[in-house]
Amino acid sequence: MNANAVVVVGLLAATAHAVDKITECSDLCSPWAPSPVSCKRGNNIDFRLAVGTFNCTADDSTCGTNPSFTTPCTDDVGCVGYMTHFYCGEVDEFSSFTLARSAEYVAQSPKDAAFPLEIAVYGHGMLTNEVIPSPGMNSRVPVYQFNHSGCAAGEAAIASFLVYNITLDDGKFKYKNREPVGNGFVNTCDDNKCAFDSDSICIGDPATQSSNCAKCITVTNSDKNPEFDMRVLLSYYGTDSSGKVLLSGSSNPLNFREFAVGGAATDIQKDISGIKFPKL
């Protein structure tokens, strides 16, 4: 194995705590405005990922024009609205997890939809509307693109893995221009190329902070196939409520992106693929 990749392997041994409802977590912190509950290292953090779909059913002739985060789903079969994945891990623990059945869920959407489906992080929005991030924010990115140009005809692209950074200032979000500073998904693609897997395509806009490694799928091969479920890596930066410096950001594989070429890229991708990502 390439020596550069060995460093990354050791840093990727992480766990996650998936729950059915965020209220099942104890000692919970939520660092966003307007009423933040400050986070201390060792606290559980309220981290919810909302995977959007269209505010319509697949057999609706008007479907595919308006991706929606308006209504939460009550049933993941034929869901209309958005599906929430709950996670409460320890603050400053470098974590990894899989969004269970996410590929099956987004593949229920109409094939001719004009807009990509997105993922958004609850509470990480603008200061005046913190619940669901606004379009274009780093905490809301495309994850499922219909008729992707890098895929065969009739196929879609789904994000294969995402990296999310949480930055705290004394355990809370710091805002600039009403946006939480240093919080969001970080590109895993660079110059429209996946930094960790030369065989992957990219989804999103390479000119913004929303271009990520992806796979081509069809409704047939994504249906109930966990191989295509989206995976997330989570790391922390800044300081907790007691002023202690958060250290898990040093484990972020994107810190080693300069090594992700040739044999090192292959080794890193194998190691990421080899992680047992707990299901959310």
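From a predicted model like this one, the values you see are computed outputs, not experimental measurements.

Here we look at the pairing of strand E19 (residues 231-238)
Inference 1: Counting buried residues in E19 gives six out of eight residues, a clear majority hidden from the surface.
Inference 2: In this sheet, E19 lies alongside strand E7 (residues 95-98) in antiparallel orientation, the contact comprising four bridges. Across the sheet, the residue bridging to Thr-98 is Arg-231, located in E19.
Inference 3: Two strands pair when backbone bridges link them, and strand E11 (residues 161-168) and E19 are joined in this way by eight bridges, in the parallel orientation. In the strand pairing of E19, Ile-166 is matched with Tyr-236.

Considering the sheet that holds strand E14 (residues 184-186)
Inference 1: Across the sheet, which stays open at both edges, the four strands sit in the order E7-E19-E11-E14 with mixed pairing between neighbours. Both outer strands of the open sheet, E7 and E14, are each paired with one neighbouring strand and no more. Ignoring strand direction, the axes of neighbouring strands in this sheet form an average angle of 30°.

Examining the packing of aromatic side chains
Inference 1: Evaluation of the coordinates by the stated rule reveals eight aromatic pairs.
Inference 2: Grouped by ring-pair contacts, the aromatic residues Phe-47, Tyr-87, Phe-97, Tyr-164 and Phe-185 constitute a single cluster.
Inference 3: Directly above the aromatic system of Phe-228 lies the positively charged group of Lys-215, at a separation of 5.8 Å from the ring centroid.

A short note on the environment of Asn-192
Inference 1: Turning to its location among the elements, Asn-192 is positioned in the loop between strand E15 (189-190) and strand E16 (193-194).
Inference 2: Separated by 20 residues in sequence, Asn-192 and Asn-212 place their C-alpha atoms 8.6 Å apart.

Brief notes about the state of the cysteines
Inference 1: On inspection of all chains with the given rule, the structure shows four disulfides.
Inference 2: One disulfide in the model links Cys-29 with Cys-39; its S-S distance is 2.1 Å. Every disulfide takes its handedness from the sign of the S-S torsion; for Cys-29 and Cys-39 that torsion is 95°, giving right-handed. With Cys-29 in strand E2 (residues 28-29) and Cys-39 in the loop between E2 and strand E3 (44-45), the pair connects residues that are ten residues apart, well separated along the chain. Neither Cys-29 nor Cys-39 differs from the other in exposure class; each is buried.
Inference 3: Two residues, Cys-194 and Cys-213, share a disulfide whose sulfurs are 2.1 Å apart. An S-S torsion of about 90° defines the bridge between Cys-194 and Cys-213 as right-handed. In this pair, Cys-194 sits in strand E16 while Cys-213 sits in strand E18 (residues 212-217), placing the two residues 19 residues apart along the sequence.

A word on unusual backbone geometry
Inference 1: Each neighbour pair has its own omega, and for Ala-33 with Pro-34 the value is 10°, a cis peptide bond.
Inference 2: Structurally, Pro-34 is set in the loop between E2 and E3.
Inference 3: Phi at Asp-92 is positive, roughly 75°, even though this residue is not glycine.
Inference 4: Along the chain, Asp-92 falls in the loop between strand E6 (82-87) and E7.
Inference 5: Of note, the phi angle at Arg-101 is positive, near 65°, even though the residue is not glycine.
Inference 6: A relative accessible area of 36% places Arg-101 in the partly exposed class.

With respect to the side chain of Glu-155
Inference 1: Note on placement: Glu-155 falls in the loop between strand E9 (140-146) and strand E10 (156-159).
Inference 2: Setting aside anything within four residues of it in sequence, one finds Glu-155 in contact with Phe-146, Asn-147, His-148, Cys-216, Ile-217 and Thr-218.

Remarks on the confidence of the model for the chain
Inference 1: The pLDDT averaged across the chain works out to 74; a share of 65% of its residues lies at or above 70.
Inference 2: Predicted confidence for residues 58-66 stays below pLDDT 50, and this span has 17 contacts to residues more than four positions away or in other chains.
Inference 3: Low pLDDT, under 50, characterises residues 256-280; the predicted model gives this stretch 61 contacts beyond four residues in sequence or across chains.

Conventions we followed
Residues numbered from 1 in each chain as written. Predicted model: local features only at pLDDT ≥ 70, side-chain atom pairs only at ≥ 80, totals over all residues. Heavy atoms only, no water. Buried < 20%, exposed > 50% of the residue type's maximum accessible area, 1.4 Å probe, protein only. Helix = DSSP H or I, 4+ residues; strand = E, 2+ residues; numbered from the N terminus. Pairing = 2+ DSSP bridges. Axes fitted to C-alpha atoms, helices over the stretch in contact; angles between N-to-C directions. Phe/Tyr/Trp six-rings, centres within 6.5 Å; stacked < 30°, edge-to-face > 60°. Lys NZ or Arg CZ within 6 Å of the ring centre and 35° of its normal. Disulfide = S-S within 2.5 Å. Contact = heavy atoms within 4.5 Å. pLDDT = per-residue confidence, 0-100.

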